[in-house]
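Architecture at a glance
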Amino acid sequence: SLCFLITSNALHGAWHFTGERVARAVIPAGKSRSYFNEIPYAIAGMTSALGRANQNFWITYKAEHPRFIESTGREGIRYPELSNASIKGRKGRVIRAPQRLLQAADDWFRTLFAHGEVSALAYRQAKNEGLKGEDLTKRIQELTLDTNSDAWGEALEKADELLFTNKLGKLGKGVLFARENVPGMRYILPFITTPWNIFKTGLRKSPLGSVALASRIAKAVKTGDWSKVPDGIAEQALAWGVVMWIHATNDPEDPWITGGLSDIDYGERELSRRTGRMAYSVKIGDEWYSYARLEPFATALGTIVDISDSLKSKDPDKPLEGPLISMTSQIRNKTFLDGIADLTRIATEPKRSVENIGAWASNFAASWVPNIYRSTSRAFDEEFPERGIWGADVEEKLARLGVRTLQRTEFNWPPDEPRIDLWGRPLLRTIEDAPKTDFIYRMISPIYKRTENINKGDMILMAWNRENPEDPYLPTGPKRSFENPVTKKTEYWTDEEYAQLRQRAGQIASEIVERINVTPDTKITKAHVDVVSQALARGSEVARIELIRARMAQDGS
């Protein structure tokens, strides 16, 4: 979480003080206009505040409350000392160490961003007053030294916005009210302000932000205050510029960047994982690097890519459905919206509702284990674990749910079986030829990477599904149940048996598919898809018979 926060804050701040400021300076905005020279003033302001930021970091970490805003001496600003901690003394401080680090890092960035913003705003105001030379310099110093000035007030608001801690709007306050008053809602949404602001900011910086811009303009017409409109115009100019660039350079059939449209359907999601072509990723060489955790850019860029792909889709309904599907996918992929994401999976995957409900309950129970431990433990795992929920009856499913809950605590007991893909290969978390020290990268980096490794069968499936969006073929592998030849009753595989089944079935199917004579230039027909389907069916049948015989022999039947 700390790496995620530092990376996101640094990138968001850098983009605001460079790209967005350049775009805003180009826009004629009358008395609210910006200047290119605001950028060096902002950089100078942040550079001069570096020592103060370091000091505020340590004070905030030790005192356990934000130091910077109180230190400005603005009228009416004071943060009380922490006095309501549930666990007192050294033990409590040790337990709260991750939270204290996050809070201190936030205050470090807030110190820099506020000083950079006030320096830029002071220059803007002085220039708009028509001042030059020594008068300009003197006026800038007056505005930056007076912490009760309007420039400082606006700078503090912008710092909060850049750190996603600004005040919530009406809708956000409504969600916060529901969290506080609806029984059980606080467990689905343990945090509101920062996640909500991240998501809202990302959408606002995407083409969907045109709606918010229209609202700003309507409000400006009514009140006469146009000061907030240029920021919205700059954001939308950049968003639509990126849309046009990606639309011109990105081919959905062979993309260099992906959004989340292929991440909704379970079969599509598994296909993406098998090929290494992850959602919300950029391809460099033959490796895919995920940008899913680099907020708010992940939300904005993912939406932009989805809109571009929708416009290029051969499905006539996609251009209209794309933005809505994109938002659903965004929710599913945000780790800070896990509670809503679990509920979204339940609603959007009715065929897997039992498994998804169980997953939600299990995730909720496991969430009581500190995330710093679970994240670190997961970083040591080179393969994704198989944590599906299945069984012949409610009792068997509940028993497996209990096992999954223990596994999701990441205490490595009971041990996990690896998730096996359609072609019998373990599904790897990162690159296939990674050294054993790759766990260090997985633990500290907010960017995931996977090597593109496309089986010939998946190449056929992707080509067919692109050309036939109304009739996609998205196989998900062998069933988790079988009919006992003696009792004629349906039984379910154990975790170990199911891993063996998928591995054996996938290997047989892969050997058959590799004999199909196709190249990347071959026109894929229904006949090719039928061969793949038959290969998968053959692999599943042979593996199923082998495992049934092994089980019968073990049982002495």
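Description of the structure in this document. (Residues numbered from 1 in each chain as written. Predicted model: local features only at pLDDT ≥ 70, side-chain atom pairs only at ≥ 80, totals over all residues. Heavy atoms only, no water.)

Attention now moves to the overall build of the protein chain. For the protein chain, the count of helices and strands is 24 helices and 5 strands. Sorting the 557 residues of the protein chain into buried and exposed places 46% on the buried side. (Helix = DSSP H or I, 4+ residues; strand = E, 2+ residues; numbered from the N terminus. Buried < 20%, exposed > 50% of the residue type's maximum accessible area, 1.4 Å probe, protein only.)

What follows deals with helix α2 (residues 38-48). Among all positions in α2, only Glu38, Ile39, Ala42, Gly45 and Met46 are buried. Taken around the axis of α2, the buried residues stretch over an arc of 125°, which confines them to a single face. Relative to its buried face, α2 has exposed residues pointing more than 90 degrees away, namely Thr47 and Ser48. (Arc of directions from axis to C-beta.)

Let us now look at a nonpolar patch on the surface. On the surface, a nonpolar cluster with roughly 270 Å² of combined accessible area is contributed by Val22, Val26 and Phe36. Relative to the helices and strands, valine 26 is located in helix α1 (residues 2-26). (Patch = residues over 30% accessible without salt bridge, like charges linked within 9 Å, V, L, I, M, F, W, Y side chains within 5 Å. Areas by Shrake-Rupley, 256 points an atom, 1.4 Å probe, with all protein chains shown as cover. Salt bridge = Lys/Arg side-chain N within 4 Å of Asp/Glu carboxyl O.)

The subject of this paragraph is the pairing of strand β1 (residues 281-284). Pairing between β1 and strand β2 (residues 287-290): 4 bridges, direction antiparallel. In the strand pairing of β2, lysine 283 is matched with tryptophan 288. The turn linking β1 back onto β2 is made up of 2 residues, and glycine 285 within it adopts a positive phi angle of 70°. (Pairing = 2+ DSSP bridges.)

Attention now moves to the pattern of salt bridges. Enumeration over the complete set of coordinates arrives at 26 salt bridges. The partner of glutamate 20 in a salt bridge is lysine 205, and the shortest N-O contact between them spans 2.4 Å. Within this pair, whereas glutamate 20 is found in helix α1, its partner lysine 205 is found in the loop between α11 (193-204) and α12 (210-223), the two being separated by 185 residues in sequence. Note on accessibility: glutamate 20 and lysine 205 belong to one class, buried. Each of Glu20, Lys158, Glu161, Arg204, Lys205 and Glu235 takes part in a single network of salt bridges with overlapping partners.

Below, the discussion takes up the packing of helix α22 (residues 456-467) against helix α24 (residues 526-555). Two measures define how a pair of helices packs: the angle their axes make with one another and the distance between the axes. Two numbers describe how α22 lies on α24: the axes approach to 10 Å, and their chain directions differ by 140°. It follows from the interaxial angle that α22 and α24 lie oblique. Every pair of crossing elements has a handedness; the one defined by α22 and α24 is left-handed. Contacts between α22 and α24 involve Gly457, Ile460, Leu461 and Trp464 on the former and, on the latter, Lys526, His528, Val529 and Val532. Within the contact of α22 with α24, the residues separate by chemical class into 5 nonpolar, 2 polar and 1 charged. (Axes fitted to C-alpha atoms, helices over the stretch in contact; angles between N-to-C directions. Parallel < 35°, antiparallel > 145°, perpendicular 65-115°, else oblique. Left-handed = near helix turned anticlockwise from the far one by under 90°. Contact = heavy atoms within 4.5 Å. Nonpolar A, V, L, I, M, F, W, Y, C, P; charged D, E, K, R; others polar.)

Once that is clear, we can look at the nonpolar core. Grouped together as the largest cluster of nonpolar side chains are 21 residues, with contacts concentrated most on Phe17, Phe68, Phe113, Ala114, Trp152 and Leu156. Elements supplying a minimum of two residues to this core: α2, α4 (68-71), α6 (97-128) and α8 (150-162). Tallying contributions element by element places α6 first for this core, with 7 residues. With residues up to four places along the chain from it excluded, the contact list for phenylalanine 68 reads Arg52, Asn56, Asp107, Arg110, Thr111, Ala114, His115, Trp152 and Leu156. Core analysis: the next-biggest nonpolar cluster, separate from the first, contains 15 residues, Ala463, Ala509, Ile516 and Ala535 among them. (Core = buried A, V, L, I, M, F, W, Y, C linked by side-chain atoms within 4.5 Å.)

In this structure, the amide linkage connecting glutamate 295 to the following residue, proline 296, adopts the cis form with an omega of 5°. Within the element layout of this structure, proline 296 appears in the loop between β2 and α15 (297-312). Backbone torsion omega between tryptophan 413 and proline 414 reads -10°, so that peptide bond is classified as cis. Assignment of secondary structure puts proline 414 in the loop between α20 (394-408) and α21 (438-444). At phenylalanine 164, a position not held by glycine, the phi torsion is positive, near 65°. Mapped onto the secondary structure, phenylalanine 164 falls in the loop between α8 and α9 (170-181).

We now examine the packing of aromatic side chains. To describe a pair of aromatic rings, one takes the distance between the centres and the angle between the planes. As enumerated under the stated definition, the model contains 12 aromatic pairs in all. A centroid spacing of 6.0 Å and a plane angle of 50° characterise the contact between phenylalanine 17 and phenylalanine 113, whose relative ring orientation is tilted. Taken together, the residues span a long stretch of sequence, with phenylalanine 17 in helix α1 and phenylalanine 113 in helix α6 at a distance of 96 residues. Taking relative accessible area as the criterion, phenylalanine 17 reaches 3% and is therefore assigned buried. What links up through ring pairs into an aromatic cluster is the set Phe17, Trp108, Phe109 and Phe113. Against the face of tyrosine 61 rests arginine 100, its NZ or CZ located 4.0 Å from the ring centre. (Phe/Tyr/Trp six-rings, centres within 6.5 Å; stacked < 30°, edge-to-face > 60°. Lys NZ or Arg CZ within 6 Å of the ring centre and 35° of its normal.)

The interhelical angle for the contact between α6 and α8, taken along N-to-C directions, is 135°, at an axis separation of 8 Å. Classified by the angle their axes make, α6 and α8 are oblique. Pair α6 / α8 crosses with right-handed handedness. Taken together, the residues of α8 that come into contact with α6 (itself represented by Arg110, Phe113, Ala114, His115, Glu117, Val118, Leu121 and Gln125) are Ala151, Trp152, Glu154, Ala155, Leu156, Lys158, Ala159, Asp160 and Leu162. Class assignment for the residues of the contact of α6 with α8 results in 10 nonpolar, 2 polar and 5 charged.

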